[in-house]
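Next come the chains, spelled out residue by residue.
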Amino acid sequence: MPRRNRSPKSAVRGRAAPARPLSAGVGSAQRVSGPDGDWMVRTVPGSQAVKTYRCPGCDHEIRVGTPHVVAWPADEYGSAEDRRHWHNGCWQARGRRGPTRRWW
């Protein structure tokens, strides 16, 4: 009987991936203070943007390959669900136009 070849991914299929800390990821995060509080912000270059996200600032998609920023509360008491992916322009303009109702 022939041997069955399995990829390493199929061996762990069905198990949840381990939780990543909020600061995990590409590049380093910077602390940013603003009228809306203190945030940790990390830039994501287009070459590392491999998923589609919805920007809370404009409610439009951030498509694969689009450079953007990821922000989460600076106190880091939250979880990975507290991370938000923003278009660069939307993040810069968040003081003039708040996030859409869908996110908060």
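Refer to the preceding data block for the structure.
Described below are features of the structure shown in this document. (Residues numbered from 1 in each chain as written. Predicted model: local features only at pLDDT ≥ 70, side-chain atom pairs only at ≥ 80, totals over all residues. Heavy atoms only, no water.)

**Describing the overall build of the protein**
Here's step 1: Across its full length, the protein holds two helices and six strands.
Here's step 2: If you list the helices and strands of the protein from N to C, you get α-β-β-β-β-β-β-α.
Here's step 3: Looking at the protein residue by residue over its 104 residues, the buried ones come to 27%.
Here's step 4: On the protein, roughly 7,700 Å² of surface is accessible, and the fraction owed to carbon and sulfur atoms is 51%. (Helix = DSSP H or I, 4+ residues; strand = E, 2+ residues; numbered from the N terminus. Buried < 20%, exposed > 50% of the residue type's maximum accessible area, 1.4 Å probe, protein only. Areas by Shrake-Rupley, 256 points an atom, 1.4 Å probe, with all protein chains shown as cover.)

**Remarks on the pairing of strand 5 (residues 68-73)**
Here's step 1: Counting buried positions along strand 5 gives five out of six residues, so the element sits mostly inside the fold.
Here's step 2: The pairing of strand 2 (residues 37-44) with strand 5 spans six bridges and is antiparallel. By the bridge assignment for strand 5, V41 is matched with A71.
Here's step 3: One ladder, built from three bridges, connects strand 5 with strand 6 (residues 84-86); its direction is antiparallel. Residue pairing for strand 6: A71 is matched across the bridge by R84. (Pairing = 2+ DSSP bridges.)

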